Amino acid sequence: MKRKLIYAGATLMALASPVLAQPAGGASGGTDWHLPFAYLAVGIASGLCGLGQGKAVASSCEAMARNPGAAAGIRFALILGLALIESLGLYALFVTYIAK
Amino acid sequence: MQAEAEVWSTALANRFLAGPLDAFWSALGVAHDPAHPWENWLSMEILVVAIIIAFFAFLRSRLSAENPSQLQLAFEGLYTFVAGQVNDAIDHGSKYVPFIGTLFIFILLMNLIGIIPGFESPTQSPSVPAGLAVAVFVYYNYMGFRSHGIGRYLIHFAGPVWWLAPIMLPIEIVSHIARPLSLTIRLFANMFAGEKITMIFLSLTFLIAPAVFMGLHVFVALLQAFIFMLLASIYVGGAVAHEEQ
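These numbers were taken from a predicted model, which means no experiment stands behind them. (Residues numbered from 1 in each chain as written. Chains lettered and ligands numbered in written order. Predicted model: local features only at pLDDT ≥ 70, side-chain atom pairs only at ≥ 80, totals over all residues.)

## Some details on the overall build of chain B
- Scanning chain B for helices and strands turns up 9 helices and 0 strands.
- Of the regular secondary structure in chain B, the N- to C-terminal order runs α-α-α-α-α-α-α-α-α.
- For chain B, the C-alpha atoms occupy an extent of roughly 60 × 55 × 40 Å along the three principal directions.
- Out of the 245 residues in chain B, the part that is buried amounts to 28%. (Helix = DSSP H or I, 4+ residues; strand = E, 2+ residues; numbered from the N terminus. Buried ≥ 20, exposed ≤ 12 C-beta atoms within 10 Å, placed from the backbone.)

Listed below in C-alpha cells is the structure:
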C-alpha cells in the first residue's frame, strides 16, 4: 500500500512538469511563485485536515457506539476537536491572502 | 482583497460623522481615507453594540422572579450554558462569567448579523477578531497577575523545575503569543471563508447550493463563537489556576 502511494505521488509530480514551461511573466525578476505555492499549501493543509477530522469522527462514532450514555460528552469533545482541526486548515487559507 | 461596497450604516456614518473619526485616526497615526474614515466593520460593530445594549435594557426591565417571561427563561438558559462552561474550565469561576458571557453574546451576534441582507459581519474584517483576541490576552494575563501577583505569575513561565527553565521559557512565551494569533485567525478565516464561499456559489447558481453553504456558514458562526468563548475560559483557567503544592 505504501509503495503504491509513493508511485502515485511520484507520478503526480512528474505530471506537474508542464508548469515549468510557463512564460516568464509576473515580477520582473522571474515568474511569481507566491500564488501557486500558496494554492498548493491550501490543498495540502485541507487534505491533511480532512484526514485528521476523519480520524476524530471515526473514533468518536466508535466511542458513542460503545458507550451511548456518554454520548453528550463525546459529542462535545468531537465538536471541539473538529473546530480546532478546521482552524489549522484555515491558517493555510489565511496564508493565501498574505501571498496575494 | 478589493474594497467592499459600503453598508448603509457606514455610508450614513461617513456622511455625518466623518470629521470626528478622521481626527481620531489622525491622532493615532492610522492610515485612512479622510473622506471615508468609517469602515464597514467599525460601523457594524458599533451597531451590534447598540442592538445588544438596547435589547438587554429591554430584557432587564422585564425580569421577574415570580413570573418569568419566556424571553427571561431563554436567557436564563443561555446564562446557565455560559456559566457551566466557565465553571468547568475555571475553579471559583463565577467572577469571570460576565466577561466571557459578553464575549460569547457579542461574537455570536456579530457573526450572525452578516446573514441578514444589508448587514455585514464585523468579524469578516481582520481588525475585529484581532481586537477581541487582544482583549482576551490582556484579560487573562491581568487575571493571572491579580490572582498570583506579578512575580509569581511570571515565574510560572519557567516550568515545573528550575533546570528546565531555559527550554520552557521560550516555549511558553511562543505559545502565549500564538494564542491571540490563533484566536484571531480562527474567527476571521472562518467568517471570511464562509461568506466568500456563499458568494461564489451565489454567482454560479442560485437557490439550493448557496443556501446549503449559507446554512453551513450559520452553523460555523455559532460554533466559532462558542469555541472563542471556550478557549478564552480555558486560557483564564490556566492563568488563575492554583496548583496545590
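## A few points about the overall build of chain A
- Secondary structure summary: chain A contains 3 helices and 0 strands in total.
- Along chain A, helices (α) and strands (β) appear in the sequence α-α-α when read from the amino end.
- Relative to its 100 residues, chain A shows a buried fraction of 8%.
- Partitioning the intrachain contacts of chain A with sequence separation of at least 6 by distance along the chain shows that 67% fall at a separation of at least 24. (Contact = placed C-beta atoms within 7 Å.)

## Quick word on helix α6 (residues 127-148) of chain B
All names here are of chain B.
- For α6, which comprises 22 residues, the first-to-last C-alpha distance of 32 Å matches the rise-based estimate of 32 Å (1.5 Å per residue) to within 8%.
- Among all positions of α6, only V128, P129, L132, A133, V136, Y140, M143 and G144 are buried. When α6 is viewed along its axis, its buried side chains cluster within an angular range of 140° and face the same direction. Across α6 from its buried face, at more than 90 degrees, point the exposed residues V138 and R146.
- Check the buried side of α6 and you find it contacts α3 (40-61), α5 (97-112), α7 (150-155), α8 (165-204) and α9 (209-240). (Expected span 1.5 Å × (residues − 1). Arc of directions from axis to C-beta.)

## Topic: the environment of G215(B)
Residues and elements named next belong to chain B.
- As for its position among the elements, G215 is in helix α9.
- Taking the C-beta count within 10 Å as the criterion, G215 has 12 such neighbours and is therefore assigned exposed.
- In this structure the C-alpha to C-alpha distance between G215 and F55, which are 160 residues apart in sequence, comes to 25 Å.

## Structural notes on the interface of chain A and chain B
- The interface is formed by 9 residues belonging to chain A together with 10 residues belonging to chain B.
- Looking at side-chain class alone, the side of chain A that touches chain B contains 8 nonpolar, 1 polar and no charged residues. (Nonpolar A, V, L, I, M, F, W, Y, C, P; charged D, E, K, R; others polar.)

## Re unusual backbone geometry
Residues and elements named next belong to chain B.
- Its identity is not glycine, yet H92 carries a phi of approximately 50°, on the positive side.
- As for its position among the elements, H92 is in the loop between α4 (70-89) and α5.
- Positive phi, normally seen in glycine, also occurs at L207, with a value near 85°.
- Inspection of the secondary structure assignment puts L207 in the loop between α8 and α9.

## Observations concerning the nonpolar core
- The biggest cluster of nonpolar side chains holds 43 residues, and the ones touching the most others in it are I100(B), L103(B), I107(B), F228(B), M229(B), A232(B) and V236(B).
- For this core, the elements supplying multiple residues, two or more each, are α3 (71-99) of chain A together with α3, α4, α5, α6, α8 and α9 of chain B.
- Here this core gets 12 residues from one element, more than from any other, and that element is α9(B).
- The contact partners of L103(B), leaving out residues within four places of it in the chain, are L132(B), F228(B), M229(B) and A232(B). (Core = buried A, V, L, I, M, F, W, Y, C linked by C-beta atoms within 7 Å.)

## Remarks on the packing of α6(B) against α9(B)
Residues and elements named next belong to chain B.
- Direction vectors running N to C along α6 and α9 enclose 25°, while the axes themselves pass 8 Å from each other. Overall, the two elements α6 and α9 adopt an arrangement that is roughly parallel. The handedness of the crossing between α6 and α9 comes out as right-handed. Side by side, α6 and α9 meet where V136, Y140, N141, M143, G144 and S147 of the first sit next to A232, Y235, V236, A239 and V240 of the second.
- In terms of residue class, the contact of α6 with α9 is built from 8 nonpolar, 3 polar and no charged. (Axes fitted to C-alpha atoms, helices over the stretch in contact; angles between N-to-C directions. Parallel < 35°, antiparallel > 145°, perpendicular 65-115°, else oblique. Left-handed = near helix turned anticlockwise from the far one by under 90°.)

## Topic: the packing of α8(B) against α9(B)
Residue and element names in this part refer to chain B.
- Running from N to C, α8 and α9 point in directions that differ by 175°, and their axes come no closer than 9 Å. In terms of orientation, α8 lies roughly antiparallel with respect to α9. When α8 is examined against α9, the residues R179, L183, R186, L187, N190, M191, G194, E195, I197, T198, F201 and L202 are found in contact with a partner set consisting of A209, P210, F213, M214, L216, H217, V220, A221, Q224, F228, L231 and Y235.
- Of the residues in the contact of α8 with α9, the class split is 16 nonpolar, 5 polar and 3 charged.

## A word on the confidence of the model for chain A
- Of the residues in chain A, 85% have a pLDDT of 70 or more, and the chain-wide mean is 84.
- Looking across chain A, the model is least confident in helix α1 (residues 2-15) of chain A, with a mean pLDDT of 80, and most confident in helix α2 (residues 34-66) of chain A, with 94. (pLDDT = per-residue confidence, 0-100.)

## Considerations on the environment of D22(B)
- Structurally, the position occupied by D22(B) is in helix α2 (residues 18-28).
- Once residues lying within four places of it in the same chain are set aside, the contact partners of D22(B) are P34(B) and P37(B).

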